[in-house]
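# Topology and contacts: notes
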Amino acid sequence: MAVTDPIADYLTRIRNAQQAGHRIVEIPASNMKKHITEILYDQGYILKYKFDGEPGQKGEVIKIALKYDPATKLPVIRNLQRISRPGLRKYSGATDLPRIINGLGIAIVSTSKGLMTSKQAKALNVGGELICYVY
């Protein structure tokens, strides 16, 4: 079966791995997924990540070490929500970018200046396509 929405698949794999309590999840790589992974790492939602395989080749994977709270053993990522999807794209101007849980979560936005969080996009005064919410 062909995946029609690779980003939704990426988010679902992370969600499923967390539900099952896995430490590491492997996901087929693409440039967009690599950028999302880097943002999740920079924002402290995942422990580590590694790109395995030849860049640009079939079979390249992203290995993500998931992060859990040391005390409660609960996943750090409480919710991953796809916003813009192939059937219904959602765009937002620089002034209308959403605040997730009053600034506790992040919205990942695809802008003309690349993939970034909504806070970064607001600072650069650019809007774009809302990819997903993470909190």
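Keep in mind that this is a model prediction, so the values were computed, not measured.

### Structural notes on the side chain of Thr111
When you line up the elements, Thr111 lands in strand S6 (residues 106–111). In terms of polar contacts, Thr111 uses its side chain to reach the backbone carbonyl oxygen of Gly114, at 2.7 Å. In this structure Thr111 touches Met116, Ala121, Val126, Gly127 and Gly128, once residues within four positions along its chain are discounted.

### Some words on the nonpolar core
For soluble globular proteins, the rule of thumb is that nonpolar side chains tend to be buried together. Counting 24 residues, the largest nonpolar core has Tyr10, Ile14, Ile36, Leu40, Ile64, Ile108 and Val134 as its most contacted members. Residue assignment for this core shows that the elements contributing at least two residues are helix H1 (6–19), strand S1 (24–28), helix H2 (31–42), strand S3 (61–66), S6 and strand S8 (128–134). Ranked by residue count, the leading element in this core is H1, at five residues. What Val134 contacts, discounting residues up to four positions off in sequence, is Leu40, Tyr45, Ile77, Asn79, Leu80, Ile100, Gly105, Ile106 and Ile108. One finds Ile83, Ala107, Val109 and Tyr133 within the second-largest nonpolar core, a separate group that totals 10 residues.

### Regarding the sheet that holds strand S2 (residues 46–52)
Hydrogen bonds between backbone groups are what pair the strands of a sheet, and the pairing can be parallel or antiparallel. Taken in spatial order, the three strands of this open sheet run S1-S3-S2, and their pairing is antiparallel. The outermost strands of the open sheet, each flanked by one partner alone, are S1 and S2. Across the sheet, the axes of successive neighbouring strands diverge by a mean angle of 20 degrees, strand direction being ignored. The pairing of S2 with S3 spans six bridges and is classified as antiparallel. Bridge pairing in S3 places Phe51 opposite Ile62. Contacting S1 and S3, H1 crosses the sheet at an angle of about 160 degrees to S1.

### Considering the pattern of salt bridges
Opposite charge on two side chains permits them to pair, given that their charged atoms come into close proximity. Scanning the entire structure with this criterion turns up seven salt bridges. Of the charged contacts, one joins Asp9 and Arg13 as a salt bridge, the two residues approaching to 3.0 Å between their closest N and O atoms. Pair noted here: Asp9 and Arg13 are both in helix H1, with a separation of four residues, about one helical turn. A salt bridge links Lys34 to Glu60; its shortest N-O distance comes to 2.8 Å. Separated by 26 residues along the polypeptide, Lys34 in helix H2 and Glu60 in the loop between S2 and S3 bring together distant segments of the chain. Take Lys34 and Glu60: they sit in the same class, and that class is buried. When salt bridges with common partners are traced through the structure, they connect Glu26, Lys50, Asp52 and Lys63 into a single cluster.

Definitions and limits used
Residues numbered from 1 in each chain as written. Predicted model: local features only at pLDDT ≥ 70, side-chain atom pairs only at ≥ 80, totals over all residues. Heavy atoms only, no water. Helix = DSSP H or I, 4+ residues; strand = E, 2+ residues; numbered from the N terminus. Polar contact = N/O pair within 3.5 Å; in protein donor to acceptor, adjacent residues only side chain to side chain. Contact = heavy atoms within 4.5 Å. Core = buried A, V, L, I, M, F, W, Y, C linked by side-chain atoms within 4.5 Å. Buried < 20%, exposed > 50% of the residue type's maximum accessible area, 1.4 Å probe, protein only. Pairing = 2+ DSSP bridges. Axes fitted to C-alpha atoms, helices over the stretch in contact; angles between N-to-C directions. Salt bridge = Lys/Arg side-chain N within 4 Å of Asp/Glu carboxyl O.

From the geometry alone we can't say anything about function, so treat these as descriptive.
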